[in-house]
Structure formats: structure tokens, C-alpha cells
Amino acid sequence: MKFNRIKTIALAITIALMAFNCNNDDNITVPTGPDFTGTYIQEDQMARPAVGTVFVSSGSKDSFNVTTPSQQSSAFQMMFQNNLEGLSPAYSNPGDTNALGLTSAQFSGLLATDVLNVSLDGTTTFFDGTNVLTGRALADDVITVELILIFGGETGLTNSENPGLSDDNVNANDKAFLSSFPYLATPW
Amino acid sequence: MKKTKFLIAAAIIGVSSIVAIAADHIDAPAVTGGTNDITDFYAFQGQNTSNLVLVANVQGLLSPSSTANATFDENTLIEFNIDTNNDNVEDLVIQATPRNGIMYFFGPAAPLQTGLDSTILTNDAAGSVEITAYGQNAITATENGMQFFAGPRDDPFFFDSGQYNAIIDGMATSFNNPGNDSFAGTNVLSVVVEVPKSLVGGSGTINTWVESKRRQ
């Protein structure tokens, strides 16, 4: 009995020592996790497609990318309006509007705050003939929508004032999208 | 008259529009061609209509031969911004940043500070996914009700930007029919997040945008 008890105690001590050693080893070999510290400073941003490209003058593109959306309208609305009127004859006459009924001041005011409005209640599309600015789906022909609103005039959806400028005639992606996650097509 | 005015305007603007390419591809000198250059942003309802899908694409116009060598930058933070009360200030962010072949996601959660400077919300880790290599089947992960993907994809953008630039530069007066997709056959690096709508506002309309930020 006594001998067995001594063996048991010895075993317990051995296990304890091993456990201590294991623990010690762990402290040495446990890898550190990824480092997520530090401050990250903004370099680029976007929301609606092509807005920065089309409406921001070349010397202002970097500053547009580091102006927060809540500050963009006061800083850029007039630039957007000037570039819109310079680009499109559809706003030549006082009171001219696009197919959304927006004048150059109103349309540039909408665009100058560059956020993408997204509905959480149903269809999400840039424009599908019914819904306007409720998101941006992969298959949306956003460029043609924007060309219609820039060049088409009041009747841009059915009878553009500048038909040669309001559709680039590229209406779909070069690969089919997936119906399930991650939705985007495999790379070429 | 209208056409004349347009051509004059095009000639004036043309000089400054030589690098105007597309959705947001190579849009500004500070980011053009860099790892932080955002090419596109999408936000749409998921296959599960209770979810919202957010897509950020960076590093556009990758040829197939250059795609295998394109990598996400570990000093880059991609941040989806969500404004739920229509003041155009972010109330929630979803952050993505790569480390050693894995894309880590944080949020949606309130940022510690709004605006141009961000810190990573390590107390709001959402999950991670192995970055899919070129030529590999898409690796996705599902954690906390969210789905994640990061890796090369076909650029979903389509536009005859070549003809647009010709028009702007005064070399053409209209688009061609059919047009030529300047982005056909090119790839981007994509970050895709699917998130329950209940975590980003629930109902109504939200305002969203995406930012790329560099570690200082």
C-alpha cells in the first residue's frame, strides 16, 4: 500500500513537472497574432460609378478622394455643375433638365455628395426602368444610365437629345455573373 | 449649334481627360496603378434577400498574365462605410485587411472616429477567409452570419471608355454601335462581403461608399 502510494505521489509530481514544462514551452512557441495596430489614412474612395472620373477636374481628383462625403457638396458642387454644362449641350437653355427632371444645378448637387443610396427593402439597382438609385447591381448598365442623364435631356429615356452620346452600346459584362456568393465571375 | 457647342466643350475638357478611364479605375494621380486604387463599388441584395452584398474592387485592368502576381497590400485597409441616418457620415464600417494570405474582416460596428483616419476595430472581429489564388476555385467563409471572399475576379465593369475618351478628346462625335468593352478580358482583386441587412440598418435607405486607407 505504502509503496503504491509513493508511486502515485511520484507519478503526480512527474505529471505536474511535465505539465509545467509543457506550459513553459507554450509560452515560448505560441505564435503572435496578426498585427492590426496603427492608424490608416485615406487614399481613395468611391461610391457612384464614374463620378470622380467624369465630374472632378483633373487637378482636383486627389483632393476629391480625401474629402469626406459630408464635405463634398460645398467643396465640389460648382465644379460638377460647370463640368456638366461644359460637357453636355442638354443643359444649354435655362430650365433644361434631364430625364429625372433635375436641372444642372440639381443634378450636380445630387452627384457632388458621392454616396451610393441603397434600399434595404427590395430591389437594388442603379436604374432598371422603375427603381432609381436603390443600389448598384453587377449587371446594371450604369454608364448608359449616366450618359442618358448627362446627354439625353428631358426625354432622354425615350428620345435622347444627343442619341450618339447617350449609349455606349456596351450593355453587358463579358462574363456571366454567378447567382450565388461571391457573385462575380471567375478571372480570365 | 448644339453639336458645335459640344465639340468646343469637348476640346476644352479633352486635354484634362486623357487619363479619364472608367468607373473609378486609375482615377487620380496619387493612387493610379497602386495597390490602393479602388476600381469599383457595388451594393446589392443577396441571393438570400435578407442580406446585403458589398463589393470593393481594387487594382484594375489586370491582364490574365499579370493576375497571378497581383496581391492585396498588407498596409491597406479597405473600409465599407454605412450611413444609416442620412447625414453622409458613417455610422457603421466593415473593414477588410490582409495578413499572410488571409483577409480579416471587422464590423459592422461604429468606427472609433469618423472621417479620413481609421484604426482597426479589433474588438469587433467578424471573421476571415483565405485569399483565393489565381486559378483556384473561389474560397469562401461564413462566420457570424456573414460571408466573405477575397481574390482575383473578372472585372464586372463594362464600358467603351476608349470611344468615350475619343469623343472627349474631339477625335469622334458619337459612340459606335456595337461598342467595344474596354474592360473585356481584364481582372481585378475583389473583396466581397455578404451581411444580414439587420446589421446595417435593417430597413429603409442607407448611404454607402468604400475607402482605401494606408497604414502610417
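Reading the values: rules and limits
- Residues numbered from 1 in each chain as written.
- Chains lettered and ligands numbered in written order.
- Predicted model: local features only at pLDDT ≥ 70, side-chain atom pairs only at ≥ 80, totals over all residues.
- Heavy atoms only, no water.
- 1 Å grid on protein atoms, 1.4 Å probe; cavity = no way out; pocket = protein on both sides within 12 Å on 5 of 7 lines; lining within 4 Å.
- Points joined across faces, edges and corners; volume = space filled by probe spheres on them.
- Helix = DSSP H or I, 4+ residues; strand = E, 2+ residues; numbered from the N terminus.
- Buried < 20%, exposed > 50% of the residue type's maximum accessible area, 1.4 Å probe, protein only.
- Contact = heavy atoms within 4.5 Å.
- Core = buried A, V, L, I, M, F, W, Y, C linked by side-chain atoms within 4.5 Å.
- pLDDT = per-residue confidence, 0-100.
- Arc of directions from axis to C-beta.

(A) Main features of the layout of surface pockets. Residue and element names in this part refer to chain A. Estimates place the volume of the largest pocket at around 220 Å³. In terms of lining residues, the largest pocket is bounded by 17 residues, among which Leu-100, Phe-126, Val-132, Val-145 and Leu-149 are the most central. Elements represented by at least two residues in the lining of the largest pocket include exactly helix H5 (104–112) and helix H6 (142–151). If one sorts the elements of the lining of the largest pocket by residue count, H6 sits on top with five residues.

(B) Layout of the environment of Ser73(A). Residues and elements named next belong to chain A. Here Ser-73 shows up in helix H4 (residues 69–87). Note on Ser-73: relative accessible area 28%, which makes it partly exposed. It is 6.6 Å that separates the C-alpha atoms of Ser-73 and Gly-109, two residues lying 36 residues apart in sequence. Those residues in contact with Ser-73, other than ones at most four positions away along the chain, are Gly-109, Ala-112 and Thr-113.

(C) Here's a closer look at the nonpolar core. Counting residues in hydrophobic clusters, the biggest one holds 86 residues, and the most contacted among them are Phe80(A), Phe80(B), Phe105(B) and Val191(B). Not counting chain neighbours up to four residues away, the residues in contact with Phe105(B) comprise Gln95(B), Ala96(B), Ala125(B), Ala126(B), Gly127(B), Ser128(B), Val129(B), Phe148(B), Phe149(B), Val191(B) and Val193(B). Of all hydrophobic cores here, the second largest spans nine residues; its members include Tyr40(A), Leu77(B), Val93(B) and Phe106(B).

(D) Quick look at the confidence of the model for chain B. Residues and elements named next belong to chain B. Here chain B shows a mean pLDDT of 91. Residues at 70 or above account for 90%. Contacts for the low-pLDDT stretch residues 1–20, under 50 throughout, to residues beyond four places or in other chains number 28 contacts. Both confidence scores are given for the complex: pTM 0.88, ipTM 0.90.

(E) Main features of H5(A). All names here are of chain A. Of the positions making up H5, those classed as buried are Ser-104, Phe-107, Ser-108, Leu-111 and Ala-112. With its buried residues spanning 130° around the axis, H5 presents them on a single face. On its buried face, H5 is in contact with helix H2 (51–55), helix H3 (61–65), H4 and H6.

(F) Unusual backbone geometry, seen in detail. Here the bond from Gly107(B) into Pro108(B) is cis, since omega is 0°, no more than 30 degrees from zero. With phi around 70°, Tyr183(A) is a residue other than glycine that occupies positive phi space. Here Tyr183(A) lies in the segment after H6.

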